[in-house]
Amino acid sequence: MVVPILQQRVRYLFSELGELAHIAGEAIRSLRHQRPSWRDFVEQLHFIGVKSQSVVITTGAATGMVLCAQTYFQFHKVKMDTATGAVVSVGMCSELGPVLACLMIAGRVGAAMAAELGTMKVTEQIDALRTLATHPVDYLVVPRLLAATVAAPLLTAEAVAVGIFASWMVGAHLLGIDSAYYVANMNRYTAPADVVTGLIKATLFGAAIAVISCYKGLSCQQGAEGVGKATTEAVVYSSITVLVANFFLTLFLTRLFKG
Amino acid sequence: MIEVRDLWKGFGPQPVLRGTCLRIEKGEAVVIIGRSGGGKSVLLKHLIALLQPDRGQVLVEGQDLCCLDERQLLQVRRKFGMLFQMAALFDSLTVYENVSFVLQRERRHTEAQMRKLVAEALEMVELRGIEGKKPGELSGGMRKRVGLARAIIYRPEILLYDEPTTGLDPVAGARIDQLIHRVWEQLHVTSIAVTHDMASARRISKRILMLNEGVIYADGPSADILSSTDPVVHNFVNGIVPADSQSFA
């Protein structure tokens, strides 16, 4: 009883992965063979990048402040108060910044992409595109993929900067850590590799969110229920992908940059 | 010329098309009639390869669509225009952007040329001055006419209509039929429509095919089919429920 269900689940998982790889492959093929629409790209960049700023800034600031406070409370016991900035900075740059910013992007942008494309599917707009000799991947997926790939690292950088600044405000002005040592230790222990690691992760997460969300929208089942399910799955799968991929990317990129 | 050979298509265990065969010559005005849920729209979508058959062939000017991948199909689809049941206008775009969609993608025309072509296409479907409106601001009949303008602007050779009068009042439906007939006459296209609206079928077709139980049951000039004495055709055309019928399905 358990084995057939397991087999079915594994088969479904591989079939979904295959479809995702197919869409990603089609997008790359499209990029190689034709110039993407600049206008569609800018529109998507505005939607994904500009309109996500408030949520990403809030996330970065809240994370930076909480991380600073918690780190300080523990480090204060062993008289290491001034190392707080270094922990916050490294943590925000390489792990929390990209992961939390991209989880927010997955929630806001992934849901919108899947819902929009899903609604287009159930109202035959995707079929209409095909009858107008336009590949849905060229018109719908490529601009979203490019925009998410560009916007995610920029938003992550913004979240990290805001988070570090917020942590400095909390550490230096609220908790009484010496500002000069706070900043000096932060600069001393934060390597360029930490920043690059975070930005590489965010770029890959942005691409993954776009591909997963577009795939979920394009493969949406009929009716309002189908759109709802596609939207939920887009957010859930994108978020899980960000979390799981982060672990492997941490291992890989740390070995790559730090030996 | 379009030819369908032994076309089979099912969704789940139940086959919808069961070895459908048909042939439509260039320039014909054909209507496919049949019961709701009988596979008319499924058959129409196979003609433009929006659906892939389980078995069989769809040949457009001798080219088998079933052997082509999605990108190769884009070239074949350039010969087609399609009006969808609910028009399927892109609701994030204006009427102008919808109608000029193909032209904008091709990047072969200047903005002034596109404006002129859009105005001509909208003129042909008796709509003027609505270029700036969004599809949500239009009535059902207007949406269908915009859909028709979008389908004819690039002068396709074959026009497909999926239930063109569904959801419209009789006057709006008759107006759409007039436009379909006018487009067929003026643009010399092959016109293929699916409908269960017999008044519409009478107005826009020269030949009628009846799809029944997944196969083409009857095929002939419109007048002959509409006056057929075959019980299945007669009952359908005249909306007669057979005495032995057990359900309203």
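Above this text is the structure in question.
With respect to the overall build of chain B
- From N to C terminus, chain B includes 10 helices and 10 strands.
- In terms of overall dimensions, chain B is globule-like: its C-alpha atoms have a radius of gyration of 18 Å, near the 18 Å expected for 249 residues.
- Projected onto its principal axes, the C-alpha positions of chain B cover 60 × 40 × 30 Å.
- Per-residue burial for chain B yields a buried fraction of 53% across its 249 residues.

A look at the overall build of chain A
- Secondary structure summary: chain A contains nine helices and zero strands in total.
- Shown N-terminal to C-terminal, the secondary structure of chain A runs as helices and strands in the order α-α-α-α-α-α-α-α-α.
- Of all 259 residues assigned to chain A, the portion counted as buried reaches 48%.
- The long-range fraction of contacts in chain A, counting pairs at least 24 apart against all pairs at least 6 apart in sequence, stands at 86%.

A word on a nonpolar patch on the surface
All names here are of chain A.
- A contiguous nonpolar patch, built from Tyr12, Val236, Tyr237, Ile240, Val244, Phe247, Phe248 and Leu251 and spanning about 750 Å² of accessible area, is present on the exposed surface.
- If one sorts the elements of the nonpolar patch by residue count, helix α9 (residues 223-258) sits on top with seven residues.
- Relative to the assigned elements, Phe248 resides in helix α9.

Comments concerning the nonpolar core
- Counting 127 residues, the largest nonpolar core has Ile33, Val99, Leu160 and Ile192 of chain B as the members making the most contacts within it.
- Here this core gets 12 residues from one element, more than from any other, and that element is helix α6 (residues 136-174) of chain A.
- Among residues more than four places away in sequence, those in contact with Ile192 of chain B are Ile2, Ile24, Val30, Ile32, Leu44, Leu47, Ile158, Leu159, Leu160 and Tyr161 of chain B.

Topic: the pairing of strand β10 (residues 215-221) of chain B
All names here are of chain B.
- Bridge count between strand β9 (residues 207-212) and β10: six bridges; the pairing is antiparallel. Bridging from a neighbouring strand, Arg207 pairs with Pro221 of β10.
- Between β9 and the antiparallel strand that follows it, β10, lie two residues; Glu213 among them carries a positive phi value of about 55 degrees.

Concerning the sheet that holds strand β7 (residues 158-162) of chain B
All names here are of chain B.
- Overall, mixed pairing links the six strands, which are arranged β6-β7-β8-β3-β9-β10 in an open sheet. A strand with exactly one partner marks an edge of an open sheet, and here the two such strands are β6 (80-83) and β10. Shown here is a sheet whose adjacent strand axes are inclined to one another by a mean of 15 degrees, direction ignored.
- Pairing of strand β3 (residues 29-34) with strand β8 (residues 190-195) involves five bridges; the strand directions are parallel.

Points about the pattern of salt bridges
- The final tally for this structure, using the stated rule, is 32 salt bridges over all chains.
- Here Glu26 of chain A ties to Arg29 of chain A by a salt bridge, and the two come within 3.4 Å at their closest N and O atoms. With a gap of three residues between them, Glu26 of chain A and Arg29 of chain A both fall in helix α1 (residues 2-33), about one helical turn apart.
- Of the residues examined, Arg29 of chain A reaches a relative accessible area of 32% and is grouped as partly exposed.
- Its salt-bridge partner being Arg71 of chain B, residue Asp138 of chain A comes within 2.9 Å of it at the nearest N-O pair.

So, the state of the cysteines
- Applying the stated rule across the entire model yields zero disulfides over all chains.
- Cys220 of chain A provides the cysteine sulfur closest to Cys214 of chain A, a residue in no disulfide bond, and the two sulfurs are 13 Å apart.

Regarding the layout of surface pockets
- What the largest pocket holds in volume is close to 1000 Å³.
- Around the largest pocket, the lining is made up of 36 residues, and of these Ser37, Asp40 and Tyr139 of chain A together with Phe101 and Arg105 of chain B lie nearest the centre.
- Among the elements of the structure, α2 (38-50), α4 (84-122) and α6 of chain A together with α2 (70-77) and α4 (101-106) of chain B are those that each provide at least two residues to the lining of the largest pocket.
- Ranked by the residues each element gives to the lining of the largest pocket, the list is headed by α6 of chain A, at six residues.
- Taken together, the residues of the lining of the largest pocket break down into 14 nonpolar, nine polar and 13 charged.
- As a volume, the second largest pocket reaches approximately 860 Å³.
- Lining the second largest pocket we find 29 residues, and of these Lys121, Ile126, Arg130, Leu218 and Ser219 of chain A sit closest to its centre.
- Breaking the lining of the second largest pocket down by element, the ones donating at least two residues are α1, α4, α5 (125-131), α6 and α8 (192-218) of chain A together with α1 (40-47) and α2 of chain B.

Notes on the pairing of strand β4 (residues 55-60) of chain B
Residue and element names in this part refer to chain B.
- Bridge count for strand β1 (residues 2-11) against β4 is five bridges, and the pairing is antiparallel. Looking at the pairing, Arg5 lines up with Gln57 of β4.
- Sheet analysis places β4 next to strand β5 (residues 63-64), joined by two bridges and oriented antiparallel. The residue bridging Leu59 from the neighbouring strand is Asp64, located in β5.

What counts and what doesn't
- Residues numbered from 1 in each chain as written.
- Chains lettered and ligands numbered in written order.
- Predicted model: local features only at pLDDT ≥ 70, side-chain atom pairs only at ≥ 80, totals over all residues.
- Heavy atoms only, no water.
- Helix = DSSP H or I, 4+ residues; strand = E, 2+ residues; numbered from the N terminus.
- Rg over C-alpha atoms; globule rule 2.2 N^0.38 Å.
- Buried < 20%, exposed > 50% of the residue type's maximum accessible area, 1.4 Å probe, protein only.
- Contact = heavy atoms within 4.5 Å.
- Patch = residues over 30% accessible without salt bridge, like charges linked within 9 Å, V, L, I, M, F, W, Y side chains within 5 Å.
- Areas by Shrake-Rupley, 256 points an atom, 1.4 Å probe, with all protein chains shown as cover.
- Salt bridge = Lys/Arg side-chain N within 4 Å of Asp/Glu carboxyl O.
- Core = buried A, V, L, I, M, F, W, Y, C linked by side-chain atoms within 4.5 Å.
- Pairing = 2+ DSSP bridges.
- Axes fitted to C-alpha atoms, helices over the stretch in contact; angles between N-to-C directions.
- Disulfide = S-S within 2.5 Å.
- 1 Å grid on protein atoms, 1.4 Å probe; cavity = no way out; pocket = protein on both sides within 12 Å on 5 of 7 lines; lining within 4 Å.
- Points joined across faces, edges and corners; volume = space filled by probe spheres on them.
- Nonpolar A, V, L, I, M, F, W, Y, C, P; charged D, E, K, R; others polar.

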